[in-house]
Amino acid sequence: MIIDTDKIKILLNDETLTEYQIEKMTGVNRVSVKKYRENGIDAMKLNNAIKLMNGYEHLKEISKKYSK
């Protein structure tokens, strides 16, 4: 699997999503989400990167579904 850090950054930089919403959607705890938002993703664990990238893909699918 290739980790797309741009997708993770897009998800984390989406100001319409709270840390709590990202936590519920991805399984990454909100303290970590807040840390990544404030300090960047350089020290992110691989499993969290996968979860956040999957969360981005999930949001993208929902957006497509409701934009039709």
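Please read these numbers as outputs of a predicted model, since none were measured by experiment.

Student: Explain the overall build of the chain to me, please; I cannot follow it from the model alone.
Tutor: Assigned secondary structure in the chain consists of four helices and zero strands. Starting at the N terminus, the α and β elements of the chain follow one another as α-α-α-α. Here the C-alpha radius of gyration of the chain, 11 Å, is about what a compact globule of 68 residues would show, namely 11 Å. Structurally, the chain occupies a C-alpha span of about 40 × 25 × 15 Å along its principal axes.

Student: I keep staring at the environment of G55 and nothing clicks. Help me out?
Tutor: Position of G55 among the secondary structure elements: in helix α4 (residues 46–67). For G55 and L17, which are 38 residues apart along the polypeptide, the C-alpha to C-alpha distance reads 12 Å.

Reading guide: rules and limits
Counting starts from 1 at the beginning of each chain's written sequence and moves along it residue by residue. With pLDDT at 70 or above as the cut-off, local features in this predicted model cover only qualifying residues; side-chain atom pairs require 80 or more to be listed or tallied, and sums for whole chains, interfaces and linings still use all residues. Hydrogens and water molecules were not included; the side-chain quantities draw on all heavy atoms of the structure. Think of it this way: any DSSP run of H or I at least four residues long counts as a helix, any run of E at least two long counts as a strand, and we number them from the N terminus. What the globule rule says is 2.2 Å times the number of residues to the power 0.38, and the radius of gyration is computed from C-alpha atoms.

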